Amino acid sequence: MTTLIRLPYLAPWSWSQFHQHFALRLLPGVETLDSDCYSRTVRVGSSVGWISVRPLPGQYALELTLSDSLQEHASVLASRVRKMFDLDTDPAAIARHFANDPLLGPVVAANPELRLPSAFDPFEQAVRAIVGQQVTVKAAVTITRRLVERFGEKLPSTPANEAAGLLRLFPSAEAMANAVLDNIGMPGKRVATLQRLAAAVADGALELHVENGADELIGRLCELPGIGPWTAEYIALRGFGEPDAFPAADLGLLKAPLWGSEGITARQLLARSQAWRPWRAYAAVHIWQNYSTAVTETKQVKAVESSPIHSVGP
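This report concerns the structure included in the present document. Just so it is clear, the structure is predicted and the values come from calculations on it, not from any experiment.

## Structural notes on the environment of Val-30
Here is step 1: Mapping Val-30 onto the fold places it in the loop between α1 (15-25) and β2 (31-34).
Here is step 2: On the basis of relative accessibility, which here comes to 0%, the residue Val-30 falls in the buried class.
Here is step 3: The sequence separation of Val-30 and Gly-58 amounts to 28 residues, and the corresponding C-alpha distance is 29 Å.
Here is step 4: Once residues lying within four places of it in the same chain are set aside, the contact partners of Val-30 are Ser-39, Arg-40, Thr-41, Val-148, Leu-166, Arg-168, Leu-169 and Phe-170.

What follows is the structure in structure tokens.
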């Protein structure tokens with residue numbers, strides 16, 4: 001029998017934000033998504049199975065469903081899903097924190113429901129971040145999907161996970177460290193970075209945790225050749241939901257309309273971000289949203305302009 005767990009949160013909170021986040025990054029076989037449910041395969045210790053998360057209509061809560069194989073890990077999984085969907089944040093406190101910033105304050109006030117989506121598994125997020133260096137999200141998903149198809153362990157078949165399309169686990173650090181990654185679609189240096197990370201995690205030389213603070217993790221990551229501040233900060237932000245992580249060199253953050261037509265430099269943004277501590281990751285979420293909205297509007301205008309039904313004159 002599956003286990004159902006109710007996960008309450010403080011409103012406002014937006015399912016739409018998380019749906020869009022997962023839709024852009026979805027890994028078929030590992031994850032599935034429909035209009036009101038996100039599901040994925042998971043490993044907890046020696047146990048494997050799947051989880052599903054959906055918003056409860058008319059309630060300030062999500063419902064977490066666990067496969068039979070994961071029932072003994074219900075408490076751990078509930079905690080990880082709460083972090084993944086950022087259910088413990090007080091949105092009013094975030095809004096107050098940014099209220100006095102003349103540019104960011106109004107942006108946060110206009111979208112108080114935005115939270116900080118993070119990954120179920122930090123190693124998976126670290127892999128995604130390295131694969132995503134200097135490529136589009138779409139290209140990164142394509143390459144990561146190849147990794148899953150080639151090296152992801154098959155989930156033991158049950159009618160429930162087969163019907164849901166949940167077929168594989170994300171590759172383990174051991175599998176990635178020993179994999180032959182020829183023709184995977186990445187430059188050789190990035191492949192080497194990925195396998196150095198996997199080997200360090202597999203043999204225990206690198207422990208992916210933030211028990212000693214995000215800065216300590218970021219420092220350890222930056223010691224690996226091929227991982228710079230952007231990648232390390234992004235892993236802290238998305239892999240652990242660290243509220244003060246801030247990838248200041250991210251192009252989306254630098255090009256957001258918020259800063260005007262001239263944009264802002266990474267050095268200027270990093271200096272400005274000091275006033276946003278200890279919640280700079282929430283600033284990043286809102287700036288990314290500001291950038292994404294502008295890109296979407298631009299694409300819509302271009303689509304109308306190039307449409308055959310759009311014409312001037314008779």
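Now that the structure has been shown, the text picks up again.
## Some details on the packing of aromatic side chains
Here is step 1: Tallied over the entire structure, the rule returns 13 aromatic pairs.
Here is step 2: A ring pair is formed by Tyr-9 and Tyr-60, whose centres lie 6.3 Å apart and whose planes are at 45°; its orientation type is tilted. In this pair, Tyr-9 is assigned in the loop between β1 (3-8) and α1 and Tyr-60 in the loop between β4 (47-55) and β5 (61-66), connecting sequence segments 51 residues apart.
Here is step 3: Its relative accessible area of 13% is what places Tyr-9 among the buried residues.

## As for the sheet that holds β2
Adjacent strands of a sheet pair through backbone hydrogen bonds, lying either parallel or antiparallel.
Here is step 1: Pairing within the open sheet is antiparallel, and its 5 strands lie in the order β1-β5-β4-β3-β2. Two strands bound the open sheet, and with one partner strand each, they are β1 and β2. For this sheet, the mean angle separating the axes of adjacent strands, direction not counted, is 25°.
Here is step 2: By the bridge criterion, 4 bridges tie β2 to strand β3 (residues 37-44) in an arrangement that is antiparallel. Paired with Leu-33 across the strands is Tyr-38, a residue of β3.
Here is step 3: Contacts from α1 reach β2, β3 and β4, with the element oriented near 135° to β2.
Here is step 4: Here helix α2 (residues 74-84) sits on the sheet in contact with β1, β3, β4 and β5, set at roughly 40° to β1.

## Concerning the packing of helix α5 (residues 122-131) against helix α11 (residues 229-240)
Here is step 1: For the pair α5 and α11, interaxial distance at closest approach is 9 Å and the crossing angle is 145°. In this structure, α5 meets α11 at a crossing whose hand is right-handed. In this structure, α5 uses Pro-122, Gln-125, Ala-126, Ala-129 and Ile-130 to contact α11, whose residues at the interface are Trp-230, Thr-231, Tyr-234, Ile-235, Arg-238, Gly-239 and Phe-240.
Here is step 2: Partitioned by chemical class, the residues of the contact of α5 with α11 number 8 nonpolar, 3 polar and 1 charged.

## Points about helix α6 (residues 137-151)
Here is step 1: For α6, built from 15 residues, the straight-helix expectation of 21 Å at 1.5 Å per residue is met to within 8% by its first-to-last C-alpha distance of 21 Å.
Here is step 2: Restricting attention to buried positions, one finds in α6 the residues Ala-140, Val-141, Ile-143, Thr-144, Leu-147 and Val-148.
Here is step 3: For α6, the elements touching its buried residues are α1, α5, α8 (173-177) and α9 (188-202).

Criteria and cut-off values
- Residues numbered from 1 in each chain as written.
- Predicted model: local features only at pLDDT ≥ 70, side-chain atom pairs only at ≥ 80, totals over all residues.
- Heavy atoms only, no water.
- Helix = DSSP H or I, 4+ residues; strand = E, 2+ residues; numbered from the N terminus.
- Buried < 20%, exposed > 50% of the residue type's maximum accessible area, 1.4 Å probe, protein only.
- Contact = heavy atoms within 4.5 Å.
- Phe/Tyr/Trp six-rings, centres within 6.5 Å; stacked < 30°, edge-to-face > 60°.
- Pairing = 2+ DSSP bridges.
- Axes fitted to C-alpha atoms, helices over the stretch in contact; angles between N-to-C directions.
- Left-handed = near helix turned anticlockwise from the far one by under 90°.
- Nonpolar A, V, L, I, M, F, W, Y, C, P; charged D, E, K, R; others polar.
- Expected span 1.5 Å × (residues − 1).

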